[in-house]
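One-letter residues, chain by chain:
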Amino acid sequence: MERKVILNKPIKHIAFIMDGNGRWAKSRGLPRHLGHKEGCDRIIEVFEYCKEYDIKVMSFYAFSTENWNRPKSEISHLFTYLEIFFKKEIGKLMKDGVRVIISGDLTKLPLKTQKVCLNAIEKTKNNSNYYFNICLNYGGRDEIVRASLLLHQDLLENKINLSDVTTELFEKYLYTQGLPNVDLLVRTSGEQRTSNYLPWQLAYAEFVFTQVHWPDFKKDAFLDCLEEFNKRNRRFGGLKNE
């Protein structure tokens, strides 16, 4: 019988830190970049799992602002696999009504990668069944500084008043504007930190850290995370359910 988890509370937005690609490859005697290749293949599978549980918004930490410190050959392979992913899967994303959003500064990426990403954004911009938020050249602190500067510019231009500034307004200046905040963060490969990932959006998220490397993050590992989420008592600062 197929394993099934009944969610006792909804998950509107799930975020993934896709860690362990290199360690997965090393454990098999493979070059690190092949771990990233295998990791890209997991993304569309995880999307299918999320669809099954009516999770509409998915965020994937694909490349951080700190990842530029990695070897140039590994970075090059990673961008190549990302390009291949979009070219291969864009038809399926369109069929399923997925809108692609990129969080991060695309201008620092290779022109070819920029073009592929911008094409995916443009092609899917009218879709609204699901949302793929790919965090690419992304840093959470940078996002908050960027949002602050954009808000400040609107204040200078009298587009808004100082009295208008609220947390709700500030969220409109984030890359994730219009998306719900994260309900569940999953980080694979055993590390227990957020690594500058979506600090604003994770404010009330539940964190689940699994030892499974991302390339091995299959259905059972996903369901384990849902079961752990079910155990959490989400009070949002209140005392409900106690």
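Structure first, text after, so check above.
In this report, we go over the structure that sits alongside the text. (Residues numbered from 1 in each chain as written. Predicted model: local features only at pLDDT ≥ 70, side-chain atom pairs only at ≥ 80, totals over all residues. Heavy atoms only, no water.)

## Overview of the sheet that holds strand β6 (residues 206-209)
Reasoning step 1: Read across the open sheet, the six strands follow the order β3-β4-β2-β1-β5-β6; overall the sheet is parallel. Of all strands in the sheet, those with a lone pairing partner are β3 (98-103) and β6, marking the two edges. The sheet shows a mean angle of 20 degrees between the axes of neighbouring strands, taken without regard to direction.
Reasoning step 2: Relative to strand β4 (residues 130-138), strand β2 (residues 57-64) is paired through seven bridges, and the arrangement is parallel. Bridging from a neighbouring strand, Phe60 pairs with Ile134 of β4. (Pairing = 2+ DSSP bridges. Helix = DSSP H or I, 4+ residues; strand = E, 2+ residues; numbered from the N terminus. Axes fitted to C-alpha atoms, helices over the stretch in contact; angles between N-to-C directions.)

## A word on the pattern of salt bridges
Reasoning step 1: Under the counting rule described, the total for this entry stands at 28 salt bridges.
Reasoning step 2: Between Asp54 and Lys56 there is a salt bridge, with the nearest N and O atoms lying 3.1 Å from each other.
Reasoning step 3: By relative accessible area, Asp54 is classed as partly exposed at 47%.
Reasoning step 4: Arg70 is paired through a salt bridge with Glu74; the nearest N and O atoms lie 3.1 Å apart.
Reasoning step 5: On the basis of relative accessibility, which here comes to 7%, the residue Glu74 falls in the buried class.
Reasoning step 6: Linked through salt bridges whose partners overlap, the residues forming this network are Asp19, Arg23, Arg187, Glu191 and Arg193. (Salt bridge = Lys/Arg side-chain N within 4 Å of Asp/Glu carboxyl O. Buried < 20%, exposed > 50% of the residue type's maximum accessible area, 1.4 Å probe, protein only.)

## Some thoughts on the side chain of Asp183
Reasoning step 1: For Asp183, the location among the structural elements is in the loop between α6 (167-171) and β5 (184-187).
Reasoning step 2: Judged by its relative accessible area of 11%, Asp183 falls in the buried class.
Reasoning step 3: Not counting the four nearest positions on each side in its chain, Asp183 is found in contact with Pro10, Ile11, Lys12, His13, Ala205, Glu206, Phe229 and Arg234. (Contact = heavy atoms within 4.5 Å.)

## Section: the pairing of β6
Reasoning step 1: Side chains Glu206 and Val208 of β6 all project onto a buried face; the interleaved residues Phe207 and Phe209 project onto a face where none is buried.
Reasoning step 2: In this structure, β5 lies alongside β6, joined through four bridges in parallel fashion. In the strand pairing of β6, Leu185 is matched with Phe207.

Just distances and angles here, no functional claims.
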